[in-house]
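Given next are the chains, with one letter for each unit.
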Amino acid sequence: YQRRVHGAALILLLALATGYPQLKTNYDFVSQQPQNTESAKAYQDVSTLFSAGAISPTQVLITASEPLNTATVSNFQNRLVASSSKITASGSPQYSKDGKTAVVTVLLAGNPDATNTLDFMEHTFRPTAHADAPAGTHVYVNGETAAFVDVRAAVSRDLAVILPAAAVIIFLILALLLKSILAPLYLLFAVALGFTATLGGTVYLFQHILHNPGLIFFIPIMVYIFVVAIGTDYNILVMTRLREEVRSGLKPRPASDFTIEHSGATVASAGLILAGTFGSLALAGISLLAQLGFAVAFGIVLSAFCIATLLVPSVAAVLGYKIWWPGHKPAKDPNRE
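All figures in this text were calculated on a predicted structure; none of them were measured in a lab.

Reading the values: the criteria
- Residues numbered from 1 in each chain as written.
- Predicted model: local features only at pLDDT ≥ 70, side-chain atom pairs only at ≥ 80, totals over all residues.
- Heavy atoms only, no water.
- Helix = DSSP H or I, 4+ residues; strand = E, 2+ residues; numbered from the N terminus.
- Rg over C-alpha atoms; globule rule 2.2 N^0.38 Å.
- Contact = heavy atoms within 4.5 Å.
- Areas by Shrake-Rupley, 256 points an atom, 1.4 Å probe, with all protein chains shown as cover.
- Lys, Arg positive; Asp, Glu negative; His and termini not counted.
- Charge placed at Lys NZ, Arg CZ, Asp CG, Glu CD.
- Buried < 20%, exposed > 50% of the residue type's maximum accessible area, 1.4 Å probe, protein only.
- Expected span 1.5 Å × (residues − 1).
- Bend = angle between axes of the 7 residues up to and from the residue.
- Salt bridge = Lys/Arg side-chain N within 4 Å of Asp/Glu carboxyl O.
- Core = buried A, V, L, I, M, F, W, Y, C linked by side-chain atoms within 4.5 Å.
- Pairing = 2+ DSSP bridges.
- Polar contact = N/O pair within 3.5 Å; in protein donor to acceptor, adjacent residues only side chain to side chain.
- Patch = residues over 30% accessible without salt bridge, like charges linked within 9 Å, V, L, I, M, F, W, Y side chains within 5 Å.
- Axes fitted to C-alpha atoms, helices over the stretch in contact; angles between N-to-C directions.
- Parallel < 35°, antiparallel > 145°, perpendicular 65-115°, else oblique.
- Left-handed = near helix turned anticlockwise from the far one by under 90°.
- Nonpolar A, V, L, I, M, F, W, Y, C, P; charged D, E, K, R; others polar.
- Phe/Tyr/Trp six-rings, centres within 6.5 Å; stacked < 30°, edge-to-face > 60°.
- Lys NZ or Arg CZ within 6 Å of the ring centre and 35° of its normal.

J.: Explain the overall build of the protein residue by residue, including any values.
T.: Looking only at helices and strands, the protein features nine helices and seven strands. Taking 337 residues into account, the globule formula puts the C-alpha radius of gyration at 20 Å, and the protein, at 27 Å, lies well above it. Considered along the principal axes of its C-alpha atoms, the protein spans approximately 90 × 45 × 30 Å. The contacts in the protein between residues at least 6 apart in sequence include a share of 75% that link residues at least 24 apart. Surface accessibility of the protein: about 16,500 Å² in total, with carbon and sulfur atoms responsible for 64%. Separation between the mean location of the 21 positive side-chain charges and that of the 19 negative ones in the protein comes to 13 Å.

J.: Let's hear about unusual backbone geometry: which residues, and what values?
T.: One non-glycine residue, K179, lies in the positive phi region at around 55°. Summarising the element assignment, K179 is placed in the loop between α5 (144–178) and α6 (182–209). Of the residues examined, K179 reaches a relative accessible area of 58% and is grouped as exposed. Located in the positive-phi region is H211, a residue other than glycine, with phi close to 60°. Here H211 shows up in the loop between α6 and β7 (215–216).

J.: Requested: an account of helix α4 (residues 115–131), with residues and values cited.
T.: Side chains of residues three or four places apart in an α-helix project in the same direction, reflecting 3.6 residues per turn. Here α4 spans 23 Å end to end across 17 residues, near enough to the 24 Å set by a 1.5 Å rise per residue. Approximately 45° is the largest bend angle found in α4, and it occurs at M121. Where α4 is concerned, the buried positions are T117, L118, F120, M121, F125, R126, T128 and A129.

J.: Which residues make up the pattern of salt bridges, and what values go with them?
T.: Summed over all chains, the structure comprises five salt bridges. R152 is the partner of D119 in a salt bridge, and the nearest nitrogen-oxygen pair spans 3.0 Å. In this pair, D119 is assigned in helix α4 and R152 in helix α5, connecting sequence segments 33 residues apart. For D119, a relative accessible area of 30% corresponds to the partly exposed category. According to the relative accessible area criterion, R152 is buried, its value standing at 15%. E122 is the partner of R152 in a salt bridge, and the nearest nitrogen-oxygen pair spans 2.7 Å.

J.: An account of the environment of H6 is requested, with residue identities and associated values reported.
T.: Mapping H6 onto the fold places it in helix α1 (residues 2–17). If we skip the residues at most four places from it in the chain, H6 touches L311, S314 and V315.

J.: For the nonpolar core, give the residues involved together with the corresponding values.
T.: By size, the foremost hydrophobic cluster in this structure holds 79 residues, and its most contacted members are L13, F76, F125, I219, M239 and V312. Per-element accounting of this core gives the leading share, 16 residues, to helix α9 (residues 287–319). Non-local contacts of M239, meaning those with residues more than four positions away in its chain, are made with L178, A183, L187, V312, I323 and W324.

J.: Please give an account of the pairing of strand β2 (residues 58–64) that cites residues and values.
T.: As judged from the six bridges shared by β2 and strand β5 (residues 101–108), these two strands associate in the antiparallel manner. Bridge assignment links T58 to a residue of β5, and that residue is V106.

J.: If you had to explain the side chain of S287 to someone new, which residues and values would you point to?
T.: Note that S287 resides in helix α9. Separated by 3.4 Å, the side chains of S287 and N212 make a polar contact. Ignoring anything within four residues of it in the chain, the contact list for S287 reads Q32 and N212.

J.: Mind laying out a nonpolar patch on the surface, listing which residues take part and the relevant values?
T.: Taken together, I181, L182, L185, L319 and W325 make up a surface patch of nonpolar side chains, about 430 Å² in accessible area. Here W325 is to be found in the segment after α9. Judged by relative accessible area, W325 falls into the partly exposed class, the value being 49%.

J.: Tell me about the packing of helix α7 (residues 219–247) against helix α8 (residues 252–279), and please be specific about residues and values.
T.: The N-to-C vectors of α7 and α8 enclose an angle of 160°; their axes lie 9 Å apart at closest approach. Here α7 lies roughly antiparallel to α8, going by the angle between them. Classified by chirality, the crossing of α8 by α7 is right-handed. For the pair α7 and α8, the contacting residues are F226, I230, Y234, L237, V238, R241, L242, E245 and V246 in the first and A255, S256, F258, T259, H262, S263, T266, V267, A270, G271, L274 and F278 in the second. Taken together, the residues of the contact of α7 with α8 sort by class into 13 nonpolar, six polar and two charged.

J.: Which residues make up the packing of aromatic side chains, and what values do they have?
T.: In this description, a pair of aromatic rings is defined by centroid distance and the angle of the planes. Tallying each qualifying case throughout the model produces nine aromatic pairs. With a centroid separation of 4.6 Å and an interplanar angle of 5°, the aromatic rings of Y27 and F217 are classed as stacked. Placement of Y27 in the loop between β1 (25–26) and α2 (38–49) and of F217 in the loop between β7 and α7 is noted, with a sequence separation of 190 residues between them. A residue is classified by how much of its surface remains accessible, and F217, at 14% relative accessible area, is buried. These aromatic residues form a ring-pair network of at least three members: Y27, F148, F217 and F218. Of note, R243 hangs over the ring of W324, and the distance from its end group to the ring centre comes to 6.0 Å.

Geometric descriptors of this kind do not, in isolation, establish any biological role.
Here it is, written out as structure tokens:
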């Protein structure tokens, strides 16, 4: 029985996790709001009549220790605009009172927050602006598109650092609590699988079924904060109860059945209440709230029902006393009857 439950839960999670590599992040807040609002209609009109980039122009700041030569700045603007058909000048350069700083404003073709525009900013526009900077000057690229490029880099860096660091901390806490090495490793694997399955399922719904261009960029962080933390709590509750049953003298399989019977309902109830709370956001008319609500609610349901209630105790029953390595079998508690 445990093997069948273990296999079914594992297959479901792995199938959902296949959507994780297809995750695309989206920084376009305008497309996330209801399209019948005044701001959305104005955005569409500006994009059609002028340029989508007119919604959020890009500024190039030029600074020098001495007053700038106006001809040099104008030549810089001309070279920048001529470097790509996706760049359009927006007025003449503006100068500070002391003449040592100038601002060149340009419009980028396309939605300023779209992924392809961010890629153009990162790989083409910004390097070109720096390379063509007049001698003796410093160039800084400003604007919404440039800001989101920096945010994207920061988010990628944070995910690469935070996830491993948190995994180490969680492992140490679980190892001290369960007095085992293999059990914490297994729980970390289960939580990581739940995290990827949650994002994979969200990708399949919003990107493939609802045809959204991607998930709003903070979804992975929010899923990690809520789903990993709550999922770990549920797993600790189950594994602690399982360890107590083994310490009382039950063999691994009966201990697993007893744990599911007495702790499963508690975990499931807590998961349903929390998932329902977050799931209500999916009813919002704003896409980013719907994505957030569904992702967190779906992740909590997977953590509570599929992982903590089914997968964790079932695999523990299959592995038997090995799950408590290096202690092999927890010592029987003489204070428990």
